[in-house]
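# Breakdown of the fold
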Amino acid sequence: MIKPCCLGDLIMTTPLLEVIRSNYPEATITYVAGSWSKVIAEHQPAVDIVIDSQTVGISGRYSLSDYLKLAQRLRQRHFDLAFVLDRSPMLALLPWLAGIPRRVGPDSLGRGFALTDKVAVSTSPEQLEHQAEIYLNLARAIGLTVQHPHMHFQPTAEERQSALHASGLQIAVFPGGGSNPGMELTAKRWPLARYRALVDRLVKERQARVLLIGGPDDTALTQAILNELDVPEGTVIDLAGKLSIGQLAAQLEACSLFIGNDSSPMHLAAAVGIPVIAIFGPTSPQEYGPYPLDEAKHVAIWRHPTGRPCFFLGQMQACANCTCMASVSVDDVWEAVERLTSSAQSKEVAS
């Protein structure tokens, strides 16, 4: 499998990994991923080998020499089949250069010209396809059995030992997102003032312990939320910039609920199996929502005024009225919180 970037995108490939392993139980599965995102592949029980493609596959960040060296590394392994999970013509060409006889991948706008099995992908905002389903369609196209796969991420025992646990509700809140190598899309972020109001209600009305999560670049956001909060000490803990991806997954696993923007932590929360409330704006949950979309504990809130995403086919379209994130109210999110946490608390009482 070839998918260099990015964290959330790699998590959405894990249902396909499940399908490949179930259909080819004896196969050696190799995942080619970038330095930034290979941690996802490294935490997949279905993956035998991870090859670091470094920056190859990230536009503008690699040379022709880097690209050819990777092709040569792949050629030396004599693969039988490659799934190219990116719509880049350069990545579609890579397994051809590596001498891999069968090359399966999405063919969007003719960019899959080097593939042997080209699978059509919608290019219309009127016919949106979830990214995980696009990958699963590759398996369907070559006759593999696809049942009802889920996303996966398996923290190590050591990573699980580092997680904070609580006797009552413990809720992870992620105010960041929209930042990946080669792309900044901070329009995907719900207003901080609304996160602050939500955290205040979670603590005071649901007696929850709230964990503010994020990477090193999100510390200013979490600190801004904390600065104006008036809640008892210890009820809100700032973990932004303090956890590795594996530790974050283990910490999410120990939470009752995740609330946040369309982001890799949102997909990670779904991948470890906890309830998810995802807030959407320029992107559509039909393409990027917590997968599977029909899971009762997955809630995606989208109030886009046109019902058509501003971010489509990998690009942000011109938008004259950027109100989609502001259209999601605290009450919208709170309604989902009450539904999902009431269910969680009922299970705790029953046990």
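Residues numbered from 1 in each chain as written. Predicted model: local features only at pLDDT ≥ 70, side-chain atom pairs only at ≥ 80, totals over all residues. Heavy atoms only, no water.

## What about the overall build of the chain?
As a reminder of what qualifies: Going along the chain from the N terminus, every DSSP run of H or I of four or more residues is numbered as a helix, and every run of E of two or more is numbered as a strand. Both definitions apply: the radius of gyration is a C-alpha atom measure, and the globule rule equals 2.2 Å times residues to the power 0.38. The rule is simple: take the accessible area with a 1.4 Å probe, protein chains only, and divide by the maximum for that residue type; under 20% is buried, over 50% is exposed, in between is partly exposed. Any two residues whose heavy atoms approach within 4.5 Å at even a single point are treated as in contact. Exposure was quantified through the Shrake-Rupley algorithm and a 1.4 Å probe, taking into account, for residues, occlusion by the shown protein chains and nothing else. Asp and Glu are treated as the negative residues and Lys and Arg as the positive ones, with His and the ends of the chain left uncounted. Positions of charges follow a simple convention, taking NZ of Lys, CZ of Arg, CG of Asp or CD of Glu.
Helix and strand content of the chain: 13 helices and 15 strands. Computed over C-alpha atoms, the radius of gyration of the chain comes to 20 Å, within 12% of the 20 Å expected from 2.2 N^0.38 for 351 residues, which places it in the range of a compact globule. Dimensions of the chain, computed from the C-alpha atoms along their principal axes, are close to 60 × 50 × 35 Å. Among the 351 residues that make up the chain, the fraction classed as buried is 53%. For the chain, the share of sequence-separated contacts (at least 6 apart) that also reach a separation of at least 24 residues comes to 62%. Total accessible area computed for the chain in this model is approximately 15300 Å², and 49% of it derives from carbon and sulfur atoms. In the chain, the 29 positive side-chain charges and the 35 negative ones have mean positions that sit 4 Å from each other.

## Observations regarding the sheet that holds strand β3 (residues 81-83)
Operational definition: Any two strands with at least two DSSP bridges between them are considered paired. A fitted line through C-alpha atoms represents every axis, and for helices the fit uses only the stretch in contact; the resulting angles, taken between N-to-C directions, go from 0 to 180 degrees.
Spatially, the three strands line up as an open sheet ordered β3-β4-β5, and their pairing is parallel. Each edge of the open sheet is held by one strand with a lone partner, namely β3 and β5 (117-120). This sheet shows a mean twist of 15° between the axes of neighbouring strands, independent of strand direction. Sheet topology note: the β3/strand β4 (residues 102-107) ladder contains three bridges and is parallel. Across the sheet, the residue bridging to leucine 81 is arginine 102, located in β4. Packing against the sheet, helix α6 (residues 131-141) makes contact with β3, β4 and β5, and its axis sits at approximately 135° to β4.

## So, the packing of helix α2 (residues 14-23) against α6
As a reminder, the rule being used: Note on angle classes: values under 35 degrees are labelled roughly parallel, values over 145 roughly antiparallel, values of 65 to 115 roughly perpendicular, and the remainder oblique. Crossing handedness is read from the near helix: turned anticlockwise from the far helix by less than a right angle, it gives a left-handed crossing, and turned clockwise, a right-handed one.
Remark: α2 packs on α6, axes separated minimally by 8 Å, with the N-to-C direction vectors making an angle of 20°. Considered as vectors, α2 and α6 are oriented roughly parallel to each other. Of the two elements, α2 crosses α6, and the hand of that crossing is right-handed. Residues Pro15, Leu16 and Val19 of α2 form the contact with α6, whose own contacting residues are Ala132, Tyr135, Leu136 and Ala139.

## Looking at the side chain of arginine 206
The test is simple: The working definition used for a salt bridge is a side-chain nitrogen of Lys or Arg within 4 Å of a carboxyl oxygen of Asp or Glu. Counted as a polar contact is a pair of N or O atoms within 3.5 Å, where, for protein atoms, one must be capable of donating a hydrogen and the other of accepting one, and residues adjacent in sequence contribute only when both atoms are in side chains.
The residue arginine 206 is located in helix α8 (residues 192-206) in this model. Buried and unpaired, arginine 206 has no salt bridge, with glutamate 338 as the nearest side chain of opposite charge at 4.6 Å. Polar side-chain contacts of arginine 206 include one of 3.0 Å to the side chain of threonine 341.

## Examining helix α4 (residues 64-75)
Rules: How far a helix is expected to stretch is found by multiplying one less than its residue total by 1.5 Å. In this description, the arc belongs to the directions extending from the helix axis to the C-beta atoms.
If you check α4, its first and last C-alpha atoms are 16 Å apart, about what 12 residues at 1.5 Å a residue would give, namely 16 Å. Listed in full, the buried residues belonging to α4 are Tyr67, Leu70, Ala71 and Leu74. Mapping the buried residues of α4 onto a view down its axis gives an arc of 100°, with all of them on the same face. Taken together, the buried residues of α4 touch β1 (30-33), β2 (49-52) and α5 (89-97).

## Re α6
Along α6, the residues that are buried comprise Gln131, Ala132, Ile134, Tyr135, Leu136, Leu138 and Ala139. Downstream of α6 by a residue or two, glycine 143 has a phi angle that is positive, lying close to 85°.

## Some thoughts on the packing of helix α10 (residues 245-253) against helix α11 (residues 264-271)
Defined as follows: Charged means Asp, Glu, Lys or Arg here, nonpolar means Ala, Val, Leu, Ile, Met, Phe, Trp, Tyr, Cys or Pro, and polar covers whatever is left, Gly included.
Across the interface, α10 lies against α11 with an axial gap of 9 Å and an inter-helix angle of 55°. Taken together, α10 and α11 sit at an angle that is classed as oblique. Our pair here, α10 against α11, has a crossing hand that is right-handed. Two secondary-structure elements touch here, α10 through Ile245, Leu248, Ala249 and Leu252 and α11 through Pro265, Leu268 and Ala269. In terms of residue class, the contact of α10 with α11 is built from seven nonpolar, no polar and no charged.

## Quick notes on the pattern of salt bridges
One pass over the structure, following the stated rule, counts 11 salt bridges. Of the charged contacts in the structure, one is a salt bridge between lysine 204 and aspartate 200, with a shortest N-O distance of 3.0 Å. On the criterion of helical spacing, the pair formed by lysine 204 and aspartate 200 is a turn pair, its members being four residues apart in helix α8. Its relative accessible area of 21% is what places aspartate 200 among the partly exposed residues. Salt bridges here are not isolated pairs; linked through shared partners, they connect Arg201, Glu205 and Asp331.

## Description of the state of the cysteines
Filter applied, for reference: In what follows, a disulfide is any cysteine sulfur pair within 2.5 Å.
Summed over all chains, the structure comprises one disulfide. The disulfide bridge from cysteine 5 ends at cysteine 6, spanning 1.7 Å between sulfur atoms. Taking the torsion about the S-S bond as the criterion, the cysteine 5 to cysteine 6 disulfide, at about 65°, is right-handed. In this structure cysteine 5 comes out as buried when scored by relative accessible area, which is 11%. The class of cysteine 6 is buried, set by a relative accessible area of 8%.

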